[in-house]
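Listed below, chain by chain, are the residues.
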Amino acid sequence: MSLPRSPGVRREISPTPRYNVYLFTQGVSFMPERYQDSRLFRIRHSTAHIMAQALLEYLPEAKIAIGPPIEDGFYYDFDLPRALNADDLKQIETRMKQIMREDHAFNVREVSADEARAFFKDQPYKIELIDDLVNGRVDDNGNKIAEPASSLTLWTQDSFTDLCRGPHVENTNTINPDAFSISFKMPAGAYWRGDEKRQQLTRIYGTAWETKEELDEYLHILEEAKRRDHRVIGEKLGLFTIVPMVGKGLPLWKPNGAIMRDTLERWLRQVQIDNGYQPVVTPHIGNIELYKTSGHYPYYKDSQFAPIQSDDEEFLLKPMNCPHHIMIYKSEMRSYRDLPVRYAEFGTVYRYEQSGELNGLTRVRGFTVDDAHLFVTPEQLVEEFVNVVKLIQYVFATLGLDDFSARVGIRDPKSDKYTGDDALWEQATAAIIQACQQLGLPHTVEEGEAAFYGPKLDFIFRDVLKRRWQLGTVQVDYNLPQRFDLEYVAADGTRQRPVMIHRAPFGSLERFTGILIEHFGGAFPAWLSPVQALLVPITDKHVEYAQSVAATLRAAGLRVEIDSSRERMQKKIAAARERLIPWLLVMGDRDREANAVSVRLRTDEDLGQMPLSQFVEMASSIVGEKRMELK
RNA sequence: GCUGUUGUAGCUCAGUCGGUAGAGCACACCCUUGGUAAGGGUGAGGUCAUGGGUUCAAAUCCCAUCAACAGCUCCA
């Protein structure tokens, strides 16, 4: 199973629109307006130039590097004589607004390389760019990654001229001075050309929109994202903790988090059993030869924990579960009548992610994959693939995750990091596309997003804040069966090779839980909530009654807690609200006499008094049916 | 991994010019027994991340280590 690699997470959250993306809907392909062609793109690009102008006026000795538009905004990298603070940004921002209120046209002119060099004689970064543009660029392996530019263009507004491909807006006064901000984010370090061996520059990020309303909405989403940060909510709700004594990137699940995870696991395990999967269990380490055979070892060498030496053998903390499952398949002679074989395991794997990549639960060094490997005949492939996708769709739908898209990741034809025959790759890719069409599943196709052994289908989920997360993945694999020489006996008695499907709806329990925390902002559907009902006895005279209510609710399978502290009821309610507990059951004399509870929802809605039996019925059906609503 | 910022009570944070540590929440106890968003009092709790250095004196200044946070392909 190949999961997103560093630095993939950045790309998942803020995907940069690319040229090689095609959107297929119901089998019909069309090209949406590319971001690069949009007015917003030009606004941001032009705003970056205006920022550079303002900064050069402010700090004339600064050297300018590059300043492209990016998703949601733009940045410009500078080599500065001193660090910038919030006040500097404010001043630059004010000057930018002034430039935007004035009338300065953006003008372009074509120049020769020599003219450009002469113009930028005091700007070493620009000189380097000019040289690269003139010569074309090659990567470390000598492969050409950019053709020599046929011409160079200079764009000028007011007193500022930049080496730039364009395009720009017509005039600085067409940009809304109230719809951008550079001071929403502190300047950060970035390396010249992303190379940590080279000069560190100061990057100033900006965001720009057509209207102030769009800017405010964007800033609001950033605030909201901060509020929903799963690390903050995880602390507040007692879900998990990460301590140095255990290790960075190695989260500890506290009881409240563990019950959520366990609930997800038990549910998915049952769904899988209902769909013909068989549970298997495999160890956390394996002989290094296993991974050399699978081909994982060279590909993942840099992101694995060092091998464990023991006597003459070397073991690896397992970076993935597939080789283990393959060995289970291989332990018996298989008949075509046995296929498909579907092995499922919540398998914990370990990867040595770079320390700077680690982030709460969403980027860790040890995580559990809701993994399964299907061994199918070539004839069964499309049907099984379709069934896997349906199962994933069912899982997402149950969780109320309805805004997702699918991405078919295929090989980058220019890269040599893939293994296996071209013919097999084409077969696998065709099978995935065919399955998508059969399902009517809208999907994009992206080059370079395949696993090293085969193409895949990823589900990209957009949460309530419209942030993108890569969730489940399904991969078709002809290569590992070949490497491990897997076989089954066909109807005619010949030995045939099965095809493998790797799949994981959640991807990793850690990451998935982190995403759920942020998506729901800690207000989980009742069936996932660590504590489903908090019982609030009004005085300690009512604790005894609360205990009998708790027993009834627990017998009905609900997770409940009694707040028997000697605080005032109002305070207990305030505390419960902070914990986002779905149901709050207040009980005093009136309730005890009526064998009832007074029900208040997490949403602050007061349902009033309700017979206990009625609440039990309501709550258990909501939990049992995994409904999102609370009444 | 690289760069920067940060590290003080379980949590969130204050701590001035170097003079041996504080608040709120949480916790314990006492008073209060209250019907839907935080009652009052008392108390306990800290090798100021770790190790070294400077100084009569270090939470504070310097160095190193560890950890957290942010940024690090987005190719003029």
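Before reading on, note that the structure itself is shown above.
Worth saying up front: this structure is predicted, and the values here are computed from it rather than measured.

Cut-offs and rules
Residues numbered from 1 in each chain as written. Chains lettered and ligands numbered in written order. Predicted model: local features only at pLDDT ≥ 70, side-chain atom pairs only at ≥ 80, totals over all residues. Heavy atoms only, no water. Helix = DSSP H or I, 4+ residues; strand = E, 2+ residues; numbered from the N terminus. Buried < 20%, exposed > 50% of the residue type's maximum accessible area, 1.4 Å probe, protein only. Contact = heavy atoms within 4.5 Å. Areas by Shrake-Rupley, 256 points an atom, 1.4 Å probe, with all protein chains shown as cover. Near = heavy atom within 4 Å. Polar contact = N/O pair within 3.5 Å; in protein donor to acceptor, adjacent residues only side chain to side chain. Expected span 1.5 Å × (residues − 1). Arc of directions from axis to C-beta. Axes fitted to C-alpha atoms, helices over the stretch in contact; angles between N-to-C directions. Parallel < 35°, antiparallel > 145°, perpendicular 65-115°, else oblique. Left-handed = near helix turned anticlockwise from the far one by under 90°. Nonpolar A, V, L, I, M, F, W, Y, C, P; charged D, E, K, R; others polar. Phe/Tyr/Trp six-rings, centres within 6.5 Å; stacked < 30°, edge-to-face > 60°. Pairing = 2+ DSSP bridges. Salt bridge = Lys/Arg side-chain N within 4 Å of Asp/Glu carboxyl O.

*Asks:* Can you tell me about the overall build of chain A, naming the residues and giving the values?
*Replies:* Scanning chain A from N- to C-terminus turns up 19 helices and 33 strands. C-alpha extents for chain A along the principal axes are approximately 90 × 75 × 55 Å. For chain A, the proportion of its 631 residues judged to be buried stands at 51%. The contacts of chain A with a sequence gap of at least 6 include a subset with a gap of at least 24, amounting to 72%. For chain A, the accessible area works out to roughly 28900 Å², and carbon and sulfur atoms hold 49% of it.

*Asks:* Which residues make up the protein's contact with RNA strand B, and what values go with them?
*Replies:* Among the 54 residues in the neighbourhood of RNA strand B, the closest are listed as Leu 163, Tyr 191, Ser 355, Thr 539 and Arg 577. Between RNA strand B and Arg 231, the relevant distance is 3.0 Å, taken from a phosphate oxygen to a side-chain nitrogen or oxygen of the residue. Secondary structure elements with two or more residues in the surface near RNA strand B: helix H5 (124-135), strand E9 (152-157), strand E12 (188-191), strand E13 (200-208), helix H7 (230-236), helix H17 (569-578), helix H18 (589-594) and strand E32 (596-601). Of the residues forming the surface near RNA strand B, the biggest block, seven residues, is contributed by H17.

*Asks:* How would you sum up helix H16 (residues 543-555)? Please name residues and give values.
*Replies:* When the terminal C-alpha atoms of H16 are compared, their 18 Å separation across 13 residues agrees well with the 18 Å that a helix rising 1.5 Å per residue should span. Taken as a whole, H16 has its buried residues at Val 543, Tyr 545, Ala 546, Val 549, Ala 550 and Leu 553. Summarising the axial view, the buried residues of H16 lie within an arc of 150°, below the 170-degree limit, and thus occupy one face. Residues of H16 that are exposed and point more than 90 degrees away from the buried face comprise Glu 544 and Ala 555. Elements that come into contact with the buried residues of H16 comprise strand E29 (533-537), strand E30 (560-562), strand E31 (583-587), H18, E32 and helix H19 (612-624). Gly 557 occupies a position one or two residues after H16 and carries a positive phi of about 90°.

*Asks:* Please provide a residue-by-residue account of the packing of helix H2 (residues 39-58) against helix H3 (residues 86-101), values included.
*Replies:* Following both chains from N to C, one finds H2 and H3 inclined at 120°, their axes separated by 9 Å at the closest point. Taken together, the axis directions place H2 and H3 in an arrangement best described as oblique. Crossing geometry of H2 relative to H3 is assigned as right-handed. Two secondary-structure elements touch here, H2 through Thr 47, Ile 50, Met 51, Gln 53, Ala 54, Leu 55, Glu 57 and Tyr 58 and H3 through Asp 88, Gln 91, Ile 92, Arg 95, Met 96, Ile 99 and Met 100. Of the residues contributing to the contact of H2 with H3, the split by class is nine nonpolar, three polar and three charged.

*Asks:* Go over the side chain of Arg 407, please, and point to the residues and values.
*Replies:* Structurally, Arg 407 is set in strand E22 (residues 404-410). Only 3.0 Å separates the side chain of Arg 407 from the side chain of Gln 470, close enough to count as a polar contact. Residues within four places of Arg 407 in sequence aside, it is in contact with Thr 444, Glu 446, Glu 449, Lys 456, Leu 457, Asp 458, Ile 460 and Gln 470.

*Asks:* Just give me the short version of the packing of aromatic side chains, but keep the residues and values in it.
*Replies:* Following the criterion strictly, the structure yields 16 aromatic pairs and no others. With 5.2 Å between their ring centres and 75° between their planes, Trp 267 and Trp 527 make a pair best called edge-to-face. Placement of Trp 267 in helix H8 (residues 255-274) and of Trp 527 in the loop between helix H15 (509-520) and E29 is noted, with a sequence separation of 260 residues between them. Since its relative accessible area comes to 9%, Trp 267 is described here as buried.

*Asks:* Pulling in residues and values, what's your account of the pairing of strand E19 (residues 313-317)?
*Replies:* Here strand E17 (residues 285-287) pairs with E19 via three bridges, running antiparallel. What sits directly across from Ile 285, in E19, is Leu 317.

*Asks:* Requested: an account of the pattern of salt bridges, with residues and values cited.
*Replies:* What the rule picks out here adds up to 40 salt bridges. Where Asp 158 meets Arg 95, a salt bridge forms, and the shortest distance between an N and an O atom there is 4.0 Å. With Asp 158 in the loop between E9 and strand E10 (160-163) and Arg 95 in helix H3, this pair connects stretches of sequence that are 63 residues apart. A relative accessible area of 34% means that Asp 158 is categorised as partly exposed. For Arg 577, the salt bridge identified is with Asp 604, shortest N-O distance 2.9 Å. Taken together, the positions of Arg 577 in helix H17 and Asp 604 in the loop between E32 and strand E33 (606-611) put the pair 27 residues apart, joining distant regions of the chain. Take Arg 577: its relative accessible area is 42%, and that puts it in the partly exposed class. Here Asp 604 falls in the partly exposed class, since its relative accessible area comes to 34%.

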